[in-house]
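Architecture at a glance
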Amino acid sequence: SDEGSVSQWVDTLGRLKIGEPTMLPAVIAEDTELKLDKSPYLVKDALVVLPGAKLTIHPGTVIWFRSLGLIVKGQIQILGTEKNPVRLAGLGSSYWKGLFFDRSNTENKLNYCKIVNAEFGIRASHSTVSIQNCLFQDNVWGIVVDNGTAEIHSSLIRTCEKSGIAARKARLKVKQSIITENNSGGFLLD
């Protein structure tokens, strides 16, 4: 429907394939690829990428989170494109936890990714993250970096309940991005 509350999801996430989702395991211990042909994927609780493992998410892939989120201790490569972004969102009316990087100092890249309706779009602790051409919308916090490094390029961070970007003891580089309409401001730096 192009009317009512459903239109918000269509505007944010784009048209979605409806069908039986592919269930993801709780732990990824070896290199794993998620592709459009098995999308949408569903994470029942939390999905943890263990140290030494790499999760690669291909263009157009959709991942739904029932309650918790994605914890990256290994490596993640989100390879969306302009026409086929990767979409991460929660199911239901409450927030899902978001995408957490925990001591992941490998080359984590997010390209053309949409993260919506999360408590933290991204929360990176002692980790390194490169974000390009991504949309963070309707989250509590957009991007939070603690004791880590983040490069944010050509991205849009909007309508967060708190700050768009928060950083503490972090190296942060933001270029050609828009941070707007966030209730507690664009940047919170410590």
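Rules of the game
By convention here, each chain's residues receive numbers from 1 onward along its written sequence. For this predicted model, a pLDDT threshold of at least 70 governs which residues receive local features, and a threshold of 80 or more governs which side-chain atom pairs are given and counted, while totals over whole chains, interfaces and linings are taken from all residues. Values reported for side chains reflect all heavy atoms of the structure, with hydrogen atoms and water molecules removed beforehand. Here a salt bridge means any side-chain nitrogen of Lys or Arg lying within 4 Å of a carboxyl oxygen belonging to Asp or Glu. Classification of residues uses two cut-offs on accessible area relative to the type maximum, computed with a 1.4 Å probe and protein chains only: under 20% is buried, over 50% is exposed, and between them is partly exposed. In this text, helices come from DSSP runs of H or I with a minimum length of four residues, and strands from runs of E with a minimum of two, each type numbered from the N-terminal end. Paired strands, as defined in this entry, are two strands with at least two bridges between them according to DSSP.

A look at the pattern of salt bridges
Summed over all chains, the structure comprises seven salt bridges. Taking the shortest distance from any N to any O, the salt bridge between Glu 33 and Lys 35 comes out at 3.7 Å. Given a relative accessible area of 48%, Glu 33 falls into the partly exposed group.

Some details on the pairing of strand E10 (residues 86-90)
Within E10, five of the five residues are buried, which leaves it mostly tucked inside the rest of the structure. With burial as the criterion, each face of E10 is covered, one bearing Val 86, Leu 88 and Gly 90 and the other bearing Arg 87 and Ala 89. Here four bridges tie strand E7 (residues 62-65) to E10, and the two strands are oriented parallel to one another. Counterpart to Trp 64 in the pairing with E10 is Ala 89. Judged from the four bridges that link them, E10 and strand E13 (residues 113-116) form a sheet pairing that is parallel. Opposite Val 86, over in E13, you have Cys 113 as the bridge partner.

Here we look at unusual backbone geometry
For the bond running from Ser 39 to Pro 40, omega is 5 degrees, close enough to zero to count as cis. In this structure, Pro 40 sits in the loop between strand E3 (32-34) and strand E4 (41-43). In this structure, Asn 117 takes a positive phi of about 60 degrees despite not being glycine. Mapping Asn 117 onto the fold places it in the loop between E13 and strand E14 (118-125). Of note in the backbone geometry, Lys 169 takes a positive phi value of approximately 50 degrees without being a glycine. Relative to the elements of secondary structure, Lys 169 occurs in the loop between strand E20 (165-168) and strand E21 (171-175).

Structural notes on the environment of Val 174
Mapped onto the secondary structure, Val 174 falls in strand E21. For Val 174, a relative accessible area of 30% corresponds to the partly exposed category. Note: C-alpha distance between Val 174 and Ile 152 (22 residues apart in sequence) is 4.7 Å.

A short note on the sheet that holds strand E22 (residues 178-180)
Strand order in the open sheet made by the eight strands is E1-E4-E7-E10-E13-E16-E19-E22, with parallel pairing throughout. Unpaired on one side and paired on the other, strand E1 (22-23) and E22 mark the two borders of the sheet.

Geometry only, nothing functional implied.
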